[in-house]
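# Coordinate inspection notes
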Amino acid sequence: QVQLAESGGGLVQAGGSLRLSCTPSGRSFSIAVMGWYRQAPGKQRESVATLTSGGTINYADSVKGRFTISRDNAKNTVYLQMNSLKPEDTAVYYCNFLDVYLNKYWGQGTQVTVSS
């Protein structure tokens, strides 16, 4: 069983910064893609940023230039540095790992609230 533990969410004023982190535990597995998704009230879950094992990064247009995804290979941890936060970034943020067999693993979600 694989579990993903997220941390770093909270309440911040517009223009502020937060850093999310996500670390897996349980059985070992080979990661193909690490990513962050978010879901705002009344909206569908959307991809925010993804990072492949080969180093390819993709960002949603809405966060380009403000958010940075990175990883610590030794810890299998993925981070999301969020700068210049806007009220529209308010959502529950989920980390997601995809293994080489295309199994998906989700974190429990962490709330990010940006006040205006």
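Look above for the structure.
Residues numbered from 1 in each chain as written. Predicted model: local features only at pLDDT ≥ 70, side-chain atom pairs only at ≥ 80, totals over all residues. Heavy atoms only, no water.

## Regarding the nonpolar core
By size, the foremost hydrophobic cluster in this structure holds 28 residues, and its most contacted members are W36, V48, F67, L80, M82, Y93 and F97. At the level of secondary structure, the elements contributing two or more residues to this core comprise β1 (2–7), β3 (18–26), β4 (31–39), β5 (46–52), β7 (67–72), β8 (77–82), β9 (91–99) and β11 (110–115). Those residues in contact with M82 that sit more than four places away from it in its chain are G16, S17, L18, L20, R66, F67, Y93 and V112. (Core = buried A, V, L, I, M, F, W, Y, C linked by side-chain atoms within 4.5 Å. Buried < 20%, exposed > 50% of the residue type's maximum accessible area, 1.4 Å probe, protein only. Helix = DSSP H or I, 4+ residues; strand = E, 2+ residues; numbered from the N terminus. Contact = heavy atoms within 4.5 Å.)

## Looking at unusual backbone geometry
In the Ramachandran plot, S84 falls in the positive-phi region, its phi being about 50 degrees despite a non-glycine side chain. By relative accessible area, S84 is classed as partly exposed at 42%. In this structure, L102 takes a positive phi of about 70 degrees despite not being glycine. Assignment of secondary structure puts L102 in the loop between β9 and β10 (104–106).

## Some thoughts on the state of the cysteines
Enumeration according to the criterion identifies one disulfide in this entry. Residue C22 pairs covalently with C95 via a disulfide, S to S 2.0 Å. Between C22 and C95, the S-S torsion sits near 45 degrees, and that sign places the bridge as right-handed. Within this pair, whereas C22 is found in strand β3, its partner C95 is found in strand β9, the two being separated by 73 residues in sequence. Pair check on accessibility: C22 and C95 agree, each one buried. (Disulfide = S-S within 2.5 Å.)

## Description of the sheet that holds β7
One open sheet accounts for four strands, arranged β1-β3-β8-β7; its pairing is antiparallel. Looking at which strands have only one partner, the edges of the open sheet turn out to be β1 and β7. Ignoring strand direction, the axes of neighbouring strands in this sheet form an average angle of 20 degrees. Sheet topology places β1 next to β3; six bridges connect them, and they run antiparallel. (Pairing = 2+ DSSP bridges. Axes fitted to C-alpha atoms, helices over the stretch in contact; angles between N-to-C directions.)

## A word on the packing of aromatic side chains
Across all of its chains, the model carries two aromatic pairs by this definition. With centroids separated by 5.1 Å and ring planes inclined at 65 degrees, the aromatic side chains of Y37 and W106 adopt a geometry described as edge-to-face. Here the residue Y37 occupies a position in strand β4, and W106 occupies one in strand β10, the gap between them amounting to 69 residues. When its relative accessible area of 35% is taken as the criterion, W106 is described as partly exposed. Residues Y94 and W106 carry aromatic rings whose centres are separated by 6.4 Å and whose planes lie at 85 degrees to one another, so their mutual orientation is edge-to-face. In this pair, Y94 is assigned in strand β9 and W106 in strand β10, connecting sequence segments twelve residues apart. (Phe/Tyr/Trp six-rings, centres within 6.5 Å; stacked < 30°, edge-to-face > 60°.)

## A closer look at the pattern of salt bridges
All told, the structure shown has four salt bridges when counted by the stated rule. For R38, the salt bridge goes to D89, with nearest N and O atoms at 3.0 Å. Residue R38 is located in strand β4, and its partner D89 is located in the loop between β8 and β9; the two are separated by 51 residues in the primary sequence. Among the residues examined, R38 registers a relative accessible area of 6% and is labelled buried. A salt bridge links K64 to D61; the nearest nitrogen and oxygen atoms lie 3.0 Å apart. In the salt-bridge network here, residues are joined through shared partners; they are R38, E46, R66 and D89. (Salt bridge = Lys/Arg side-chain N within 4 Å of Asp/Glu carboxyl O.)

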